[in-house]
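Summary of the model geometry
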Amino acid sequence: EPEVTQTPSHQVTQMGQEVILRCVPISNHLYFYWYRQILGQKVEFLVSFYNNEISEKSEIFDDQFSVERPDGSNFTLKIRSTKLEDSAMYFCASRGRGGGEKLFFGSGTQLSVL
Amino acid sequence: ILNVEQSPQSLHVQEGDSTNFTCSFPSSNFYALHWYRWETAKSPEALFVMTLNGDEKKKGRISATLNTKEGYSYLYIKGSQPEDSATYLCAFRGNQGGKLIFGQGTELSVKP
């Protein structure tokens, strides 16, 4: 069965450093998402991406965050200058065309900012 | 602020027990309600996407119901098995935009 893959599975970085989290969504999917879960909290929406542009973003997704689909297969989340509070599990997800379709999630990148 | 609540937070049952959990969500501007099963160190996996009031869906021993007018959904597991141990997440999708708003999850532990 096709799956969403994320790399790396763990990332440790120093505060203020830039990180790029990478995702390969399912190949014929059209909608792409980033969610995150801070330890002990709910999974929260960051951003959605469709037709090569951001379609929706949360208030968390400020100027420090950006997304890109550089080559038609990868989907990346960049955090320019990481903060301690960015430490979380980051999930990439994708879905097909249908409005009611389920999301397919990757297994996540655990980001630790020291 | 849209809020999704799940109860209980955790549940410990014996193998063979049947169990159910609740998801409460906004009753207005409803588009869809998702249920996901999330095992430790794995990807959250979709169980059901429900869109119509009164929907009932079933997948093996797991089933779900939906009441959009009062804003709740139940997930039932019949005859729990140890491999059912996981966190079960529900997520609300409103009719503006495609983002999901998640509940905090119900952590199920099934002892042999």
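Provided above is the structure to which this section pertains.
What counts, and where the lines are drawn
Residues numbered from 1 in each chain as written. Chains lettered and ligands numbered in written order. Predicted model: local features only at pLDDT ≥ 70, side-chain atom pairs only at ≥ 80, totals over all residues. Heavy atoms only, no water. Buried < 20%, exposed > 50% of the residue type's maximum accessible area, 1.4 Å probe, protein only. Helix = DSSP H or I, 4+ residues; strand = E, 2+ residues; numbered from the N terminus. Pairing = 2+ DSSP bridges. Disulfide = S-S within 2.5 Å.

Concerning the pairing of strand S7 (residues 62-67) of chain B
Residue and element names in this part refer to chain B. The element S7 is largely enclosed, with a buried count of five among its six residues. Between the end of strand S6 (residues 56-59) and the start of S7, which pair antiparallel, lie two residues, with glycine 60 showing a positive phi angle near 65°. As paired strands, S7 and strand S8 (residues 72-77) are joined by six bridges and run antiparallel to one another. Across the sheet, alanine 64 pairs through a bridge with leucine 75, a residue of S8. In textbook terms, the turn of a hairpin is the stretch between consecutive antiparallel strands, and for S7 and S8 this stretch comprises four residues, one of which, glycine 71, has a positive phi near 75°.

Quick notes on the state of the cysteines
One pass over the structure, following the stated rule, counts two disulfides over all chains. Covalently, cysteine 23 of chain A is tied to cysteine 92 of chain A through a disulfide, its sulfur atoms 1.9 Å apart. Around the S-S axis, the bridge from cysteine 23 of chain A to cysteine 92 of chain A shows a dihedral of about -65° and counts as left-handed. Of this pair, cysteine 23 of chain A sits in strand S3 (residues 19-24) while cysteine 92 of chain A sits in strand S9 (residues 88-95), and the two are 69 residues apart along the sequence. The pair cysteine 23 of chain A / cysteine 92 of chain A is uniform in exposure class, with both members buried. Between cysteine 23 of chain B and cysteine 90 of chain B runs a disulfide, and the two sulfur atoms are separated by 2.0 Å. An S-S torsion of about 75° defines the bridge between cysteine 23 of chain B and cysteine 90 of chain B as right-handed. Highlighted residues: cysteine 23 of chain B in strand S3 (residues 19-24) and cysteine 90 of chain B in strand S9 (residues 86-94), separated in sequence by 67 residues.

What is shown is where atoms sit, not what they do.
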